[in-house]
There are 2 protein chains.
Amino acid sequence: MSLLETTIKAIYPQDSEYRDLAKERLDQLALPHWALGDLMDLAIDIAGMTRSMNPVVSGKAIVTMAGDHGVVAEGVSKFPQEVTPQMVHNFVNGGAGINALARQAGAEVVVVDMGVAADLHDLAENGKIINKKVGFGTNNIAKGAAMSMANAIRSVESGIEIASELAGSVDVFGTGDMGIGNTTPSTAIAAVITGKSVEELTGRGTGLDDEQLIHKRQVIEQILLCNKPDPKNGLEILSRVGGFEIGGIAGLILGAAAQQKPVIVDGFISTAGALIAVTIEPFVRDFIICAHRSMEPGHRYMQEKLGCRPLLDLNLRLGEGTGAALAMNLVEAAVAVLTEVATFEEAAVAGADK
Amino acid sequence: MSLLETTIKAIYPQDSEYRDLAKERLDQLALPHWALGDLMDLAIDIAGMTRSMNPVVSGKAIVTMAGDHGVVAEGVSKFPQEVTPQMVHNFVNGGAGINALARQAGAEVVVVDMGVAADLHDLAENGKIINKKVGFGTNNIAKGAAMSMANAIRSVESGIEIASELAGSVDVFGTGDMGIGNTTPSTAIAAVITGKSVEELTGRGTGLDDEQLIHKRQVIEQILLCNKPDPKNGLEILSRVGGFEIGGIAGLILGAAAQQKPVIVDGFISTAGALIAVTIEPFVRDFIICAHRSMEPGHRYMQEKLGCRPLLDLNLRLGEGTGAALAMNLVEAAVAVLTEVATFEEAAVAGADK
């Protein structure tokens, strides 16, 4: 059996017994009933994912997957492709948004070369990044498939491998991405899986003007027309209109779920990876925590398709895992509510009148 | 000059020069323009408050002010009044929601007896809480004024004193409250200051049913009819329809602003304190960060009156400072964006095409 098949077989839904135990305790906390709202819902989820009333969430890592996209030849991004490797260096040097926010949250940043169109083997040899390069950028999806089916599987399995390699020290995963042009494949994935129109889903990415936005929509329409993936086949969608880092994110999510560990899904690109993962194995949904609602208009439809309400709404549109890093604090907070708050009885506090 | 007068004189708006400097740097960060959205707006505010491009926010305290309310005689809460001192003991023992969330955020919890209707001098003598008791609960505001004008001033000045006493070690303040029945005076304050109707503003507090909610609205209408405070006189509003802990919160906010320190305002009761503070001195607004949007329906109108968009929306309705504790992480994150993220030039990353 392949790594992907073994992983899929290891993914079960949340444990309803631990969900019930968590709810039972949270119902009795010395506070007006459910007064910590969404944190309490999240605490139930985490108990159900980890099969524990005392979930450990101190080991935190943001895995930032980098890859390039042949579709930049169509003029879908304001930034040149060289920015992808430049930003990888910025991550390694600790100067990017994700470095600052992960430090604040006490999370490690793990940078993975999934398919950057530049030679990064020096960084990998020095242990600064993980090398899982599938290729030097995808093919131009406006003209054909992004990658072979074999490479789609390879990119997903790379993400699974990373989840396994980190599992010894990491209790909570966060996803992140870097790849100039990657809102375009992500929007194409969203269109295929949500069934929403390109017009509803497409946004300005890193800052397109009106004319550039119209052009981007036309390119995405062309991508869909040219590739026509089966909406029920996650690997086919990935191979035809996806990206190497998007496959890596999907794999990381599958790998985390197989290890019964929560995975905080960042923004627009990460959510495209999550949609691929859920299409491959629907039970994976039970291990996903949606970090935030991105400024990209399609994000809400993607999160609705996942059935996941985001924790934060701060007008972010950076990616890299920045929203996931911010949400790590809320995951810790939810666990603190479950494990550190006294019940009415423990605290000797009088309850409400009936 | 009184402490209150000296404090008011020390409050100036944010420094526009530091706001401009912060914006200039944030404009150049190696990310799509303003891609960290609300965190970047918050970073500008914090630079403007602290007059610094390198604001220190490591010293964090939630000040949880406790007080009782004579209006509980009207049956406006589901919980008996004895819960207020019981919860003070729970805070001291570290078992309450605020203890768990403040620990997660690395913040100290400072508990203040502003006017609990129980003898707590043992806790104060052992240094577990700060004693600023103005009285054993307010008068029943459905029948007359909550407190004398002298005690209104005393409660506000107590909050100012606490801000001064803590200022040596605290860089960012968070407000918190505990007081059975205190959504009732808070709603009355909101009605006076926002001009909205009691029906729009009144919520279920700790969990009233439909009939109890109708009764609570009637009581609040009676409170307003009986007290008729001048909407432009913050101290008069506090003395007629307020509470000791609400005055303490208003004072803490004024004191923080006078020291040019950010103050994170928690939920419904804390926002009532903020409205009192802003009515006393409008410039104080520039130092307020709204933590979250509470489940209490009136909260949004109060935040609109303050002109403050909350950072979080997690269906919280606990108080104690719990929302402020969660928001402390976002304040730290905003400062990290300002101080730790490299510019395009520093990171040698290519900018966007024009």
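Residues numbered from 1 in each chain as written. Chains lettered and ligands numbered in written order. Predicted model: local features only at pLDDT ≥ 70, side-chain atom pairs only at ≥ 80, totals over all residues. Heavy atoms only, no water.

The next point concerns the relation of the copies chain B and chain A. When chain B is fitted to chain A, the best match, at an RMSD of 0.0 Å, comes from turning it 180° and sliding it 0.0 Å along the axis. As the rotation angle and translation indicate, the two copies are arranged about a two-fold axis. In terms of proximity to the rotation axis, the leading residue of chain B is Leu-312 of chain B, whose C-alpha is 3.3 Å off the axis. (Least-squares fit on C-alpha atoms with pLDDT ≥ 70 in both.)

Attention shifts here to the sheet that holds strand β6 (residues 288-290) of chain B. Either a parallel or an antiparallel arrangement is found when strands of a sheet pair, and the pairing is made through backbone hydrogen bonds. All names here are of chain B. What the six strands build is an open sheet, ordered β3-β2-β1-β4-β5-β6; its pairing is parallel. Either end of the sheet is taken by a strand with one partner, and the two such strands are β3 (130-131) and β6. Here strand β4 (residues 172-178) pairs with strand β5 (residues 263-265) via two bridges, running parallel. Note that in β5 the partner of Gly-174 across the bridge is Ile-264. (Pairing = 2+ DSSP bridges. Helix = DSSP H or I, 4+ residues; strand = E, 2+ residues; numbered from the N terminus.)

Moving on: the sheet that holds strand β6 (residues 288-290) of chain A. In space, the six strands of this open sheet follow the order β3-β2-β1-β4-β5-β6 (chain A), with parallel pairing throughout. The outermost strands of the open sheet, each flanked by one partner alone, are β3 (130-131) and β6 of chain A.

Attention shifts here to the interface of chain B and chain A. Residue-level contacts link 56 residues of chain B with 56 residues of chain A. Considering only the side of chain B, the residues that lose the most area to chain A are Pro-32, Gln-104 and Leu-314 of chain B, jointly responsible for 12% of the buried surface there. Counting across the chain B and chain A interface gives two salt bridges. Salt-bridge contacts for Glu-340 of chain A lead to Arg-103 of chain B; the nearest nitrogen and oxygen are separated by 2.7 Å. Linking chain B to chain A there are 18 residue pairs in polar contact (both at pLDDT 80 or more). Taken together, the elements giving at least two residues each to the side of chain B that touches chain A come down to α3 (37-50), α4 (83-93), α5 (97-105), α15 (322-340) and α16 (344-347) of chain B. With nine residues, α15 of chain B is the largest single contributor of residues to the side of chain B that touches chain A. Partitioning the side of chain B that touches chain A into residue classes produces 32 nonpolar, 14 polar and ten charged. (Contact = heavy atoms within 4.5 Å. Buried area = accessible area lost by both parts, 1.4 Å probe. Salt bridge = Lys/Arg side-chain N within 4 Å of Asp/Glu carboxyl O. Polar contact = N/O pair within 3.5 Å; in protein donor to acceptor, adjacent residues only side chain to side chain. Nonpolar A, V, L, I, M, F, W, Y, C, P; charged D, E, K, R; others polar.)

Residues and elements named next belong to chain B. In terms of burial, strand β2 (residues 108-115) is largely enclosed, as six of its eight residues are buried. Relative to β2, strand β1 (residues 60-67) runs parallel, the two being bridged by seven bridges. The partner of Ile-62 across the bridge, within β2, is Val-109. In this structure, β2 lies alongside β3, joined through two bridges in parallel fashion. Within β3, the position partnered with Val-112 by the bridge is Ile-130. (Buried < 20%, exposed > 50% of the residue type's maximum accessible area, 1.4 Å probe, protein only.)

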